[in-house]
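Residue strings, one per chain:
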Amino acid sequence: MSDEFILQTHGLTKEFAGFVAVRDVNLKVRRGSIHALIGPNGAGKTTCFNLLTKFLTPTKGQILYKGQDITSLQPAAVARLGLVRSFQISAVFPHLTALENVRVALQRQHGNSFDFWRSKSVLDVYNQRAEELLHDVGLSDFAKTPAVEMPYGRKRALEIATTLALDPDMMLLDEPMAGMGHEDIDKISVLIKRISAKYTILMVEHNLSVVAHLSDIITVLTRGQVLAEGNYAELSKDQRVKEAYLGAGHE
Amino acid sequence: MTTMTTSSADGVSKPFIRDEMWAFLIMTALLVMVPVSGIYPFFVMQALCFALFACAFNLLIGYSGLLSFGHAMFLGTGGYVTAHAAKVWGVSPEIGIVLGVAAAVALGVITGLIAIRRQGIYFSMITLALSQLLYFVYLQTPFTHGEDGIQGVPQGMMFGIFDLSKPITLYYVVLVIFLLAFLLIYRIINSPFGEVLKSIRENEPRAISLGYKTDQYKLMAFILSGALAGLAGAVKVFVAQNASLTDVHWTMSGEVVLMTLVGGLGTVFGPVIGAFVIIAMQQYLASFGQWVLVIQGVIFVVCVLTFRRGVIGEIAHYFRRSL
């Protein structure tokens, strides 16, 4: 059961002062798959993400991760269990170098992060692993560059390297392709495909060709509810999905 | 775009450790020479206490992104407890200072636990409210002697050998404490803990998503900053030989913001320069009376409008150095 599905939700609901952003969502994410969450604007995709990573607290419902109920955990605790998210706006530490960005993630697992009396040169032991991770996402040349000066696509790659540094079991990517040019999209697509061999990925994405190309299974949300689920071929024939995207009566 | 900070070969920015070392040596040399220079040592000692206060404040705002608008409560608490211990209990100066810092730590734990729960402007407002609360407590409690303050604190013998009533001894004791505290702050900024603090300043949600319990780090930074501000207040007692309400007043909390901004927020040396500039102004423009406040206000506005990085921040930026 929980072996097959790494992440499950039961009746997940979030209300904001009377407005129901996410209603009764039952999600099952298969271990090792790339699962996409799509839907028109305002469908509740990002809210859903925030609920899963506990950046928001659900009004109702239950979240099971590896069979463990994580509904009442703090966001940092969820991350420590290996369920790590990215953000819609690229989430890097702008004034740290690429290497330092990755190193902050590596540092956490080693329990000396409260040592204010030691020199940060004790962190140099993580440099090699950090360089490997940067190499993996094609950022070797950017190791010394402050993240703020990197091109947008590279920042997204850096974000993925930072996430990988935690050695997560599952990654939640919030619109990894948002605001990118074609070239970057291709690069990041290849990267996501490659890392999916080792990790389960749940992503929100607007770019349907990316979704078609990458995902094993797609869940369509509209108005906070699950409309349909299936692979791209199935969904592209689904009349309800077309209506949701193009509006009712569109033929 | 050119890089603002260069980095060492392994990609970790160790920006200009040499520059910082040279700057530190120059600062130390200048301060060591003060007694033979003819500059009024009392003024420099006072400025050093405020410089330490500003450095402690900068640790919080510059490296954790938390704007405390009640930092005078640590300065004042450190001062009152040290003054009381030295005068009434008759303890030696070093014990007095330890007690003053301990009181500031305790205060940091209590106020930190309350304030850290809120972000941004709400954090600032809570710190302001708590420090005002404490101001009125100190106004009423007998041991502070209200408006009079604790006057005539004996300077005594530090460690039984350094006679603090001798101006030259006192000067070097204050200088050594300042330099050690400055080095400690530098170390905190450049420690594994400091790296996490900077990441929280840069992007707190991301730091959380990496599994950091950011509240704990912010609380730790708040306590460390409070302790060092308390140390500044404790040392100041032996310079001024009194502890008064001025040091817990909200205008003091504002002054430390001004010092840090003028010198350069988030720079290592900025708060020191800022403190000297502001204290020098108060000293040498004293003949203008209340107009000093107006001049300070104008400087504040000019600073924010024209050199937002502060004196040291602008110099560092111009020469692409880290100071």
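Residues numbered from 1 in each chain as written. Chains lettered and ligands numbered in written order. Predicted model: local features only at pLDDT ≥ 70, side-chain atom pairs only at ≥ 80, totals over all residues.

## Quick look at the overall build of chain A
- On a plain count of helices and strands, chain A comes out with 9 helices and 11 strands.
- Relative to a compact globule of 251 residues, whose C-alpha radius of gyration would be 18 Å, chain A shows 19 Å and is just as compact.
- The C-alpha extent of chain A, read off along each of the three principal axes, is 65 × 40 × 35 Å.
- Every one of the 251 residues in chain A was classed for burial, and the buried ones make up 46%. (Helix = DSSP H or I, 4+ residues; strand = E, 2+ residues; numbered from the N terminus. Rg over C-alpha atoms; globule rule 2.2 N^0.38 Å. Buried ≥ 20, exposed ≤ 12 C-beta atoms within 10 Å, placed from the backbone.)

## Considering the confidence of the model for chain B
- With 95% of its residues at a pLDDT of at least 70, chain B reaches an overall mean of 90.
- Scoring of the predicted complex yields 0.87 for pTM and 0.83 for ipTM. (pLDDT = per-residue confidence, 0-100.)

## Digging into the nonpolar core
- Of all hydrophobic cores here, the largest spans 177 residues; its most connected members are A:Ala161, B:Ala51, B:Leu52, B:Phe53 and B:Leu228.
- Not counting residues within four places of it along the chain, the set of residues in contact with B:Leu228 comprises B:Leu52, B:Ala56, B:Leu59, B:Ala181 and B:Ile185. (Core = buried A, V, L, I, M, F, W, Y, C linked by C-beta atoms within 7 Å. Contact = placed C-beta atoms within 7 Å.)

## Points about unusual backbone geometry
- Phi at A:Asp24 takes a positive value of approximately 50°, unusual for a residue other than glycine.
- Looking at the element boundaries, A:Asp24 is found in strand E2 (residues 19-25).
- On the neighbour-count criterion, A:Asp24 (15 C-beta atoms within 10 Å) is partly exposed.
- The phi dihedral of B:Phe159 falls on the positive side, at around 50°, and the residue is not glycine.
- Considering the arrangement of structural elements, one finds B:Phe159 in the loop between strand E1 (157-158) and strand E2 (162-163).
- Judged by local crowding, B:Phe159 falls into the exposed class, with 9 C-beta atoms found within 10 Å.

## A look at the interface of chain B and chain A
- With 31 residues of chain B in contact, the opposing surface of chain A contributes 37 residues.
- Elements that contribute at least two residues to the side of chain B that touches chain A include exactly helix H7 (167-189), helix H8 (192-202), helix H9 (204-209) and helix H10 (214-240) of chain B.
- Of the residues forming the side of chain B that touches chain A, the biggest block, 8 residues, is contributed by H8(B).
- Residue classes in the side of chain B that touches chain A are distributed as 12 nonpolar, 12 polar and 7 charged. (Nonpolar A, V, L, I, M, F, W, Y, C, P; charged D, E, K, R; others polar.)

## Observations concerning helix H13 (residues 291-306) of chain B
- A rise of 1.5 Å per residue sets the reference length of H13(B), with its 16 residues, at 22 Å; its end C-alpha atoms lie 22 Å apart and thus fit the reference within 8%.
- Burial analysis of H13(B) places just 1 of its 16 residues in the buried class, which makes it a mostly uncovered element. (Expected span 1.5 Å × (residues − 1).)

## Overview of the packing of helix H5 (residues 152-165) of chain A against helix H6 (residues 182-195) of chain A
Residue and element names in this part refer to chain A.
- Two numbers describe how H5 lies on H6: the axes approach to 9 Å, and their chain directions differ by 15°. Comparing their axes, H6 and H5 come out roughly parallel. For H5 against H6, the interelement crossing comes out right-handed. Judged by residue contacts, Gly153, Arg156, Ala157, Ile160 and Leu164 of H5 engage Asp184, Lys187, Ile188, Leu191 and Ile195 from H6.
- Considering only residue class, the contact of H5 with H6 consists of 6 nonpolar, 1 polar and 3 charged. (Axes fitted to C-alpha atoms, helices over the stretch in contact; angles between N-to-C directions. Parallel < 35°, antiparallel > 145°, perpendicular 65-115°, else oblique. Left-handed = near helix turned anticlockwise from the far one by under 90°.)

## Describing the environment of B:Ala280
Residue and element names in this part refer to chain B.
- Topologically, Ala280 is positioned in helix H12 (residues 270-284).
- Judged by C-beta crowding, with 13 C-beta atoms within 10 Å, Ala280 ranks as partly exposed.
- Spatially, the C-alpha atoms of Ala280 and Gln46 are 10.0 Å apart, while their sequence positions differ by 234 residues.

## Considerations on the sheet that holds strand E10 (residues 217-222) of chain A
Residues and elements named next belong to chain A.
- If you walk across this open sheet you meet the 6 strands as E7-E8-E9-E4-E10-E11, and the pairing is mixed. A strand with exactly one partner marks an edge of an open sheet, and here the two such strands are strand E7 (83-85) and strand E11 (225-230). Adjacent strand axes in the sheet meet at a mean angle of 20° when their direction is disregarded.
- Looking at chain direction, strand E4 (residues 34-38) and E10 are connected through 4 bridges and run parallel. Note that in E10 the partner of His35 across the bridge is Ile217.
- Packed on one face of the sheet, helix H1 (residues 45-52) meets E4, E7, strand E8 (170-174), strand E9 (200-204) and E10 and runs near 150° to E8. (Pairing = 2+ DSSP bridges.)

## What to know about the pairing of strand E1 (residues 5-16) of chain A
Residue and element names in this part refer to chain A.
- Across 3 bridges, the pairing between E1 and strand E3 (residues 28-30) is antiparallel. Bridge pairing in E3 places Phe5 opposite Arg30.
- Both E1 and strand E5 (residues 60-65) contribute to a ladder of 5 bridges, which runs antiparallel. Bridging across to E5, His10 finds its partner in Gln62.

## Details of the environment of B:Ser124
All names here are of chain B.
- Assignment of secondary structure puts Ser124 in helix H6 (residues 120-140).
- Overall, the presence of 20 C-beta atoms within 10 Å leaves Ser124 in the buried class.
- The spatial distance from the C-alpha of Ser124 to the C-alpha of Gly70 is 7.6 Å, given a sequence separation of 54 residues.
- Dropping the residues within four chain positions of it, Ser124 is found in contact with Leu67, Ser68 and Phe69.

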